[in-house]
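Structural overview
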Amino acid sequence: MSDLLDNISLWTLPAFAVLIAVEFLAYYVEKRREQPPRRPMAGVSAKDAVTSLSMSGIGAFTDVISKVVQLPVLLLAAALAPVQWSAAWWLPALILVDFVYYWEHRAHHRIRMFWIGHSVHHSSRHFNQTTALRLGWLMPTDILSSFLFYVPLLVAGLPLWLLFVLQAVILTYQFPIHTERVGLLPRWIEFVFNTPSHHRVHHGVNNPYLDKNYGGIFIIWDRMFGTYAEETEQVFYGLTKQITTYNPVKVNYWELARAARDVWNAKTWHGRLNYLLKPPGWSEKPSTAITLGDQPPAPSRAEVPTGATATIQQGS
């Protein structure tokens, strides 16, 4: 199993580096030629990219700690399976794991204790392939999420090594779709698969984009469960309260600090619990509709872009 995962890394890391270089070069050439972009883009930022790459580097080391905590539980779950699926069933298994990924991803956006770790990935105001590498690390809630969503698959007979491989495939697939450089793909691809357009929507903070397009490889889950949105207007990226630092450690724990402060300042134990289990943006204070362009008190997760003119409802 480790050899197979090492081979995936061996091939993907150089490919990632090439794709990042090509994307940055495209922006550079476009700027030098003073060519207007095909559509409004956030572009790239050297400081932002360095932050994302630094977080990826730190995560490569700290991920070992997470694996040490997770592995015994996952091995035990796999040992409890009455039967083991054959590796020949890898395609149905991929579809099933992607289906579970959809619900895990959706939970990461709609339950704040899971959003604490996932918010790191959404913290950039840019959307490029370095953003794909901006992932949180050493988050206990991420480990809990892994247990809740994937242990049932192991108990049902999915081999642990195949689960790891399929998770790597799903994450690798999502790397190149973190880009503004690619427009719409052929209609049948856009209908079935997650694409750059779909994933731009997912990272968008302006309506109608909030909390949409959770799919990993397949976008059909979003179409089936009412979380699909098409890219119809300029996408703005970021968080409700935009981070103001490029320090990777501060970026990683920014939302954790905010959540801890909300829990600490809550008036009741019911409020403290809801600050962890309710969607991001939930507050003990009464909520009201706000107009984009104001400086609002966190309508959901997304900071409202200056100059926009739509209306956001609390809880999106």
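Residues numbered from 1 in each chain as written. Predicted model: local features only at pLDDT ≥ 70, side-chain atom pairs only at ≥ 80, totals over all residues. Heavy atoms only, no water.

**Notes on the nonpolar core**
We count it as follows: For the purposes of this section, nonpolar cores are sets of buried Ala, Val, Leu, Ile, Met, Phe, Trp, Tyr and Cys residues that join through side-chain atoms within 4.5 Å. For every residue, the accessible area (1.4 Å probe, protein chains only) is compared with the maximum for its type, and the residue is labelled buried under 20%, exposed over 50%, or partly exposed between those bounds. By definition in these notes, contact holds between two residues if any of their heavy atoms fall within 4.5 Å.
One finds Val97, Tyr150, Leu154, Leu158, Leu160 and Leu163 to be the most contacted residues of the largest nonpolar core, which totals 24 residues. Those residues within four positions of leucine 154 in sequence are excluded, and the remaining contacts are Leu74, Ala77, Ala78, Ala81, Pro159, Leu160 and Leu163. Judged by nonpolar contacts, the second largest core, of seven residues, contains Val120, Trp137, Leu239 and Val251.

**Some thoughts on the pattern of salt bridges**
Applicable threshold: Here, a salt bridge means any side-chain nitrogen of Lys or Arg that lies within 4 Å of a carboxyl oxygen of Asp or Glu. Numbering goes from the N terminus for both helices and strands, where a helix is a DSSP run of H or I of at least four residues and a strand is a run of E of at least two.
Going through the model one piece at a time under the given rule, you end up with eight salt bridges. Arginine 134 is paired through a salt bridge with aspartate 48; the nearest N and O atoms lie 2.8 Å apart. With arginine 134 in the loop between helix H4 (112–118) and helix H5 (140–155) and aspartate 48 in helix H2 (residues 46–79), the pair connects residues that are 86 residues apart, well separated along the chain. Take arginine 134 and aspartate 48: they sit in the same class, and that class is buried. Between arginine 112 and aspartate 262 there is a salt bridge; the shortest N-O distance is 2.7 Å. In this pair, arginine 112 sits in helix H4 while aspartate 262 sits in helix H10 (residues 248–265), placing the two residues 150 residues apart along the sequence. It is possible to trace a salt-bridge network through shared partners that takes in Arg112, Glu255, Arg258 and Asp262.

**Some remarks on the confidence of the model for the chain**
Stated formally: Residue-level confidence of the predictor, termed pLDDT, takes values from 0 up to 100.
On average, the chain scores 87 in pLDDT, and the residues at 70 or more come to 87%. Ranking the elements of the chain by mean pLDDT puts strand S2 (residues 311–312) last, at 30, and helix H9 (residues 220–225) first, at 98. Ignoring residues within four places in sequence, the model shows residues 288–316, a span with pLDDT below 50, making 74 contacts including any to other chains.

**Observations regarding empty space enclosed by the protein**
The following threshold applies: Residues are called lining when one of their atoms sits within 4 Å of a cavity or pocket point, these points coming from a 1 Å grid over the protein atoms alone, where a cavity is a set in which a 1.4 Å probe fits but cannot get out and a pocket is an open set with protein on both sides within 12 Å along at least five of seven lines. Grid points are joined across faces, edges and corners, and a volume is the space filled by probe spheres set on the points. Under the grouping applied here, Gly and all other residues not named as nonpolar or charged are polar, the nonpolar ones being Ala, Val, Leu, Ile, Met, Phe, Trp, Tyr, Cys and Pro and the charged ones Asp, Glu, Lys and Arg.
A complete count under the given rule lists one cavity of 30 Å³ or more for this structure. The calculated volume of the largest cavity comes to roughly 30 Å³. Split by residue class, the lining of the largest cavity holds five nonpolar, two polar and one charged.

**Thoughts on the packing of H2 against H10**
Defined as follows: Inter-axis angles, ranging from 0 to 180 degrees, are taken between N-to-C directions of lines fitted to C-alpha atoms, where helices are fitted over the stretch in contact. The cut-offs work like this: below 35 degrees is roughly parallel, past 145 is roughly antiparallel, 65 to 115 is roughly perpendicular, and the gaps in between are oblique.
At a minimum axis distance of 9 Å, the contact between H2 and H10 shows a crossing angle of 80°. When the interaxial angle is binned, H2 and H10 end up roughly perpendicular. Every residue of H10 that contacts H2 at Thr51, Ser54, Met55 and Ile58 is listed here: Pro248, Val251 and Asn252. Taken together, the residues of the contact of H2 with H10 break down into four nonpolar, three polar and no charged.

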